[in-house]
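Fold and contact review
Residue strings, one per chain:
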Amino acid sequence: MSIEEEFDLIVIGSGPGGQKTAIEGANAGLKVALIDRERKVGGTCVHHGTIPSKTLREAALAITTLRRNADVFDFKLKDDMEVSTLMKRLDSVLGSYTDFISEYLTSQGISYFHGRASISDANTVCLTTLKGSSSLLSTKYIVIATGSKPRTPADIEVDHENILDSDSILSMIYLPRSLTVVGGGVIASEYASIFSLLGVKVTMFDRTSRPLMFMEPECTEKFLNHFTTNGGEYIGKAKYESIKWDSVSQVITKLDNGTVVSSDKMLVAQGRIANTHGLGLEDLGIELGRNGTISVDDNYQTSIEGLYAVGDVIGPPSIASVSMEQGRRAICHALGTDPGSKFELVPIGINAVPELSSVGLSEDQAREKYGNDIIIGRASFDEVARGQIAGFKDGLLKMIADSKTLKILGVHVVAEGATDLIHVGEMAILNNNDVRVFLENVMNFPTLGEAYRIAALNIITKHAERLARKPESRIQNLIEQAELN
């Protein structure tokens, strides 16, 4: 088979990381090809993950608003509500987004191929179309950005009708009366809280004592309280012994603590595995890690020169925004240009109900690094005017600062709008600000940003109290009082 077309850069996968990589290459003057299995660009993020799930989330929040204002609206959710009805905006959202991205890629001179890619060698990619025809494309550089797919344990029979994964969960026709969620991570927590808000009886279980173990405990406690208040149940420190569809109407789950849970549907959210199967990496001598991940160096280059990988295929943090930056840096390395200082601060955003977000050090990390030389400031959203207005009174912003310099070390938020609000704290940390930046500058009122001012004031107050308790401070106070007398 002969080479049919030559490129400078071939990117495999059109999710956020692949798009950014292709655009970065095109902006640098490279002739770029972008290959994806989907007919339209976007990858799993657009077609099966982030955008569909967030569309359902917005529908759930809108319904909650109507319920909260039941005295104004004569509102009742239909017993047989179709999921597609709740997500009626999805097609228009996906259509507008994919059309825009496609047009933009075309305007940048990027060629889009719909098909499967396998890597023959460091400079050759074999493209196979849906009709089975194959062609060879040559290139100087290859970037793998094929994302990930749900991981299914061998002892759970996911049939995508009764027992579903995170790709098929939104294929349900009607809202189930009950749902069991296996797992306590990001995807599990997002879907569990969304369906609970829609009136579905949700039971979530995991081997951990609480969901989202990597997040600040105070924030997950708030999340869990909101989840259970809305009728959800979390069973911690539990493993399943068996999960079976009874062939009639229920999924039966037996836990190792003796609990038996029955539900109409089940969501299995046990993590994700990299989409590396079929790329031909093993034939190139590239060893795949746990869950199919690819090992890369600090420049996102594999063991083969000119072959890079970014995003979910290289493992955590598996965040869209991070994969985009990884793609940019991979192209910079390939072309020998300076990518700038290495990013170390990555905000985490979880689109559960309510949202959770964090940036910087957690309290445990701060104590490990600074000992007791830290001060914690908290702002409960019932103190925030906008929180009262919008009904977010159970929200929390937690700020961690160095007690010696008052420099901000970390910010953690649980509330609606948390994933947007966290960027204020991120910028403050990046600029090495101390907490007084929120007291010496003006923020719009009433906004959720007021929580930063309240948390900063809380830290300043605690700092003053700490100084007053020090012996040298008391002596100084006595000297000053004597001089005044």
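Overview of the structure. (Residues numbered from 1 in each chain as written. Predicted model: local features only at pLDDT ≥ 70, side-chain atom pairs only at ≥ 80, totals over all residues. Heavy atoms only, no water.)

1. So, the overall build of the protein
Broken down by element type, the protein carries 13 helices and 24 strands. For the protein, the C-alpha radius of gyration of 26 Å lies close to 23 Å, the compact-globule estimate for 485 residues. Considered along the principal axes of its C-alpha atoms, the protein spans approximately 100 × 60 × 45 Å. Sorting the 485 residues of the protein into buried and exposed places 49% on the buried side. A separation of at least 24 residues holds for 63% of the contacts in the protein among residues at least 6 apart in sequence. By element, 49% of the accessible surface of the protein is carried by carbon and sulfur atoms, the whole surface being about 23,600 Å². Of the side-chain charges in the protein, 48 are positive and 62 negative, and the distance between the mean point of each set is 3 Å. (Helix = DSSP H or I, 4+ residues; strand = E, 2+ residues; numbered from the N terminus. Rg over C-alpha atoms; globule rule 2.2 N^0.38 Å. Buried < 20%, exposed > 50% of the residue type's maximum accessible area, 1.4 Å probe, protein only. Contact = heavy atoms within 4.5 Å. Areas by Shrake-Rupley, 256 points an atom, 1.4 Å probe, with all protein chains shown as cover. Lys, Arg positive; Asp, Glu negative; His and termini not counted. Charge placed at Lys NZ, Arg CZ, Asp CG, Glu CD.)

2. A few points about the sheet that holds strand 22 (residues 374-380)
One open sheet accounts for five strands, arranged 20-21-24-23-22; its pairing is antiparallel. Both outer strands of the open sheet, strand 20 (348-350) and strand 22, are each paired with one neighbouring strand and no more. Sheet twist, expressed as the average angle between the axes of neighbouring strands with direction ignored, equals 10 degrees. The sheet contact formed by strand 23 (residues 396-402) and strand 24 (residues 408-414) spans six bridges and is antiparallel. When the sheet's bridge partners are listed, I400 is paired in strand 24 with G410. The strands that helix 7 (residues 217-229) touches are strand 21 (356-360), strand 22, strand 23 and strand 24; relative to strand 24, the one it contacts most, it runs at about 5 degrees. On the sheet, helix 12 (residues 450-469) packs against strand 22, strand 23 and strand 24 and is oriented at approximately 140 degrees with respect to strand 22. (Pairing = 2+ DSSP bridges. Axes fitted to C-alpha atoms, helices over the stretch in contact; angles between N-to-C directions.)

3. Some points on empty space enclosed by the protein
Evaluated as defined, the whole model comprises one cavity of 30 Å³ or more. As for the largest cavity, its lining consists of S193, S196, L197, H226, F227, N230 and V353. Put simply, the parts of the chain that give the lining of the largest cavity at least two residues each are helix 6 (186-197) and helix 7. When residues of the lining of the largest cavity are assigned to their parent elements, the largest contribution, three residues, is made by helix 6. Residues of the lining of the largest cavity, tallied by class, amount to three nonpolar, four polar and no charged. (1 Å grid on protein atoms, 1.4 Å probe; cavity = no way out; pocket = protein on both sides within 12 Å on 5 of 7 lines; lining within 4 Å. Points joined across faces, edges and corners; volume = space filled by probe spheres on them. Nonpolar A, V, L, I, M, F, W, Y, C, P; charged D, E, K, R; others polar.)

4. Quick notes on the pairing of strand 17 (residues 265-268)
Residues K265 and L267 point to one face of strand 17 and M266 and V268 to the other, with burial holding for every one of them. As defined by bridge partners, strand 10 (residues 163-165) adjoins strand 17 across three bridges and the pair is classed as parallel. Directly across from L164, in strand 17, lies its bridge partner L267. As judged from the four bridges shared by strand 11 (residues 178-182) and strand 17, these two strands associate in the parallel manner. Residue pairing for strand 17: L179 is matched across the bridge by K265.

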